[in-house]
Amino acid sequence: MARHVSRGPGAPNAIESLAGERRHVVTSEPFNCESALEQVKGWITPVPLHFVRSTYPTPSIDPTAWRLRVEGDAVRQPIEWTLEDLLAMPARGQVCWLECAGNARTQFAEVQGRPTDPAQLPWGVGAVGNAEWTGVSLGAVLDLAGIQPNAVDVLIEGLDEGKRSRPMPLDVARRPTTILAYAMNGEDLPPDHGYPLRALIPGWIGAASIKWVGRIAVSSRPVKVPTNTTSYVLEGPDYLKPIALTEQPIRSVVALAWGAELSASPRMVRGFAWSPHGRVSRVEYSLDRGQSWANATLLDPNIPLAWVRWEFAWRPDPGQHAILTRAVDEHGNRQPDEVTWNRLGYLYNAVVAHPVRVR
Ligand SMILES: Nc1nc2c(c(=O)[nH]1)N[C@H]1C(S)=C(S)[C@@H](COP(=O)(O)O)O[C@H]1N2
Ligand SMILES: [Mo]
């Protein structure tokens, strides 16, 4: 199989290719890679093409010994579930995009000339995917444990070595779209994506969708953990105090390798667009650095919290080109021309000039 190596816009040396690996590996241990967006032929990102973001090595979990424990000072009684117990409950399905809050981080340096914290992963534009998840409603699990009226926050904790965790307000935990998933694209969760159980908070930063879930704590007070105080916060000279991240912003991406080489023949250009607020209503593209814009065609399905595919016809001349796209959603939210710099390089959703060379 051909190896597709797309050089991310920021730190080309950090991106390498492993034999047989179809994605763009950013680090191998723990395993972190971008989606190979240019290889996604449909609406759903197949598992071998989906991005992976793990802070610690993927834990190996024995499904028979595994338990989900729900506890905390705002539940009536702690309860434990086995995987069988969860599989016996009513199932919930959800197609949603999942995007890392740091996706396109390298653009801050590339476009705005201001590098962000070098300790963070140098993501290009591929830390996003769109999968079909099956599991149980988080709200239903919480109800079985007996949520007390004083409940405020729900913390989800992983079984990886750093016990990665992230809290959310009770109303977000109770959304019908918030699930604990045991399957991805119709199969058991792959180990790298959280086997045997992961949370999904569609519309929120990927970091909230905790993998390898072992414990859920319902608290009567707002919960502060590293992932909402020292990381996954907006901070910098333009912020009076750190703001904990919740939703991902509206964005679009071109499904071509970064710096793709194309032949000078007519072709369709394709990509994906998504918003946390509802359906994407329009994707505009520009081939002249933003002087003029036209509408791309949107492909069905187009449902809230999933990405939508877009395409347009192009007759390129030989030379160096940039493809610009910007999404607009049904509530009028649109991608900005610039994003306020923040030290950790989160939520870069400005219009990107995707480089393409035509021979
Ligand atoms: N337990 C645990 N859950 C986690 C993480 C982690 O390091 N540990 N990474 C988070 C981050 S930052 C992202 S972007 C998503 C990525 O999900 P994926 O690897 O399935 O694409 O998982 C989240 N869940
Ligand atoms: Mo992330």
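Residues numbered from 1 in each chain as written. Chains lettered and ligands numbered in written order. Predicted model: local features only at pLDDT ≥ 70, side-chain atom pairs only at ≥ 80, totals over all residues. Heavy atoms only, no water.

The share of residues in the protein with pLDDT of 70 or more is 94%, and the mean pLDDT across the chain is 94. Predicted confidence is poor over residues 1-20, with pLDDT under 50, and the contacts of this stretch with residues over four places away or in other chains come to 38 contacts. (pLDDT = per-residue confidence, 0-100. Contact = heavy atoms within 4.5 Å.)

The next thing to look at is the environment of Val 95. Of note, Val 95 is situated in strand E5 (residues 92-99). Sequence separation between Val 95 and Met 184 is 89 residues, and the spatial gap between their C-alpha atoms is 9.6 Å. Setting aside its immediate chain neighbours within four residues, Val 95 contacts Trp 43, Ile 44, Asn 130, Ala 131, Glu 132, Leu 305 and Ala 306. (Helix = DSSP H or I, 4+ residues; strand = E, 2+ residues; numbered from the N terminus.)

Here the focus is the pattern of salt bridges. Summed over the entire model, instances satisfying the criterion amount to 13 salt bridges. Glu 235 is the partner of Arg 343 in a salt bridge, and the nearest nitrogen-oxygen pair spans 3.2 Å. With Arg 343 in the loop between strand E22 (319-329) and strand E23 (353-358) and Glu 235 in the loop between strand E13 (233-234) and strand E14 (243-244), this pair connects stretches of sequence that are 108 residues apart. A salt bridge links Glu 311 to Arg 270; the shortest N-O distance between them is 2.9 Å. Of this pair, Glu 311 sits in strand E21 (residues 308-314) while Arg 270 sits in strand E17 (residues 267-274), and the two are 41 residues apart along the sequence. Residue classification places Glu 311 among the buried positions, given a relative accessible area of 17%. A network of salt bridges, in which partner residues are shared, links Arg 69, Glu 71, Glu 80, Glu 157 and Arg 215. (Salt bridge = Lys/Arg side-chain N within 4 Å of Asp/Glu carboxyl O. Buried < 20%, exposed > 50% of the residue type's maximum accessible area, 1.4 Å probe, protein only.)

Cis peptide bonds are those with omega within 30 degrees of zero, and the linkage from Glu 29 to Pro 30 qualifies with -5°. Secondary-structure assignment places Pro 30 in the loop between strand E1 (24-27) and strand E2 (32-34). In this chain, Tyr 195 is followed by Pro 196 through a cis amide linkage whose omega measures 5°. Secondary-structure assignment places Pro 196 in the loop between strand E10 (187-188) and strand E11 (198-200). Look at Ala 104: it is not a glycine, yet its phi comes out positive at around 65°. Locating Ala 104 in the fold gives a position in the loop between E5 and helix H2 (107-112). For Ala 104, a relative accessible area of 0% puts it in the buried group.

Moving on: the site of ligand 1. Taken together, 20 residues surround ligand 1, and among them Thr 55, Asp 160, His 193, Arg 198 and Lys 211 come closest. Within the backbone of Arg 53, a nitrogen or oxygen atom sits 3.0 Å from an oxygen atom of ligand 1. Contact distances for ligand 1 include 2.6 Å between an oxygen atom and a side-chain N or O atom of Arg 198. For the shell around ligand 1, the class distribution of residues is eight nonpolar, seven polar and five charged. (Near = heavy atom within 4 Å. Polar contact = N/O pair within 3.5 Å; in protein donor to acceptor, adjacent residues only side chain to side chain. Nonpolar A, V, L, I, M, F, W, Y, C, P; charged D, E, K, R; others polar.)

Remark on secondary structure: sheet strands pair via backbone hydrogen bonds, oriented parallel or antiparallel. In spatial order, the strands read E15-E17-E21-E20; together these four strands make up an open sheet with antiparallel pairing. This sheet does not close on itself; its edge strands, each paired only once, are strand E15 (251-254) and strand E20 (297-299). Direction aside, neighbouring strands of the sheet carry axes that sit 30° apart on average. Across three bridges, E20 lies against E21 in antiparallel orientation. Across the sheet, Thr 297 pairs through a bridge with Glu 311, a residue of E21. (Pairing = 2+ DSSP bridges. Axes fitted to C-alpha atoms, helices over the stretch in contact; angles between N-to-C directions.)

Let us now look at the pairing of strand E6 (residues 128-137). Buried residues dominate E6, accounting for nine of its 10 residues. With eight bridges connecting them, E5 and E6 associate as antiparallel partners. When the bridges of E6 are listed, Glu 99 appears paired with Val 128. The pairing of E6 with strand E9 (residues 179-184) spans five bridges and is classified as antiparallel. Bridge assignment links Val 136 to a residue of E9, and that residue is Leu 180.

On to the state of the cysteines. As enumerated under the stated definition, the model contains zero disulfides in all. Not part of a disulfide, Cys 96 finds its nearest cysteine sulfur in Cys 100, a span of 15 Å. With a relative accessible area of 1%, Cys 96 lands in the buried category. (Disulfide = S-S within 2.5 Å.)

This brings us to the sheet that holds strand E16 (residues 260-262). Strand order in the open sheet made by the five strands is E16-E23-E22-E18-E19, with mixed pairing throughout. On the outer flanks of this sheet lie E16 and strand E19 (294-295), each paired with one strand and no other. Pairing of E22 with E23, which is carried by six bridges, proceeds in the antiparallel orientation. Note on E23: the bridge partner recorded for Ile 323 is His 354.

Turning our eyes to something else, we now look at the environment of Asp 160. Looking at where Asp 160 falls in the secondary structure, it is placed in the loop between strand E7 (153-158) and strand E8 (165-169). As a C-alpha pair, Asp 160 and Leu 170 span 10 residues in sequence and 24 Å in three-dimensional space. The residues contacting Asp 160, other than those within four sequence positions of it, are Tyr 56, Pro 57, Pro 59 and Trp 212.

Here the focus is the packing of aromatic side chains. All chains considered together, the criterion is met by eight aromatic pairs. Seen in terms of ring centroids, Phe 108 and Tyr 348 are 4.9 Å apart; in terms of plane orientation they differ by 85°. Their pairing is edge-to-face. Of this pair, Phe 108 sits in helix H2 while Tyr 348 sits in the loop between E22 and E23, and the two are 240 residues apart along the sequence. Here Phe 272 and Trp 307 contribute two aromatic rings whose centre-to-centre distance is 3.9 Å and whose plane-to-plane angle is 15°, an arrangement assigned as stacked. One end of the pair, Phe 272, is in strand E17; the other, Trp 307, is in the loop between E20 and E21, and 35 residues separate them in sequence. (Phe/Tyr/Trp six-rings, centres within 6.5 Å; stacked < 30°, edge-to-face > 60°.)

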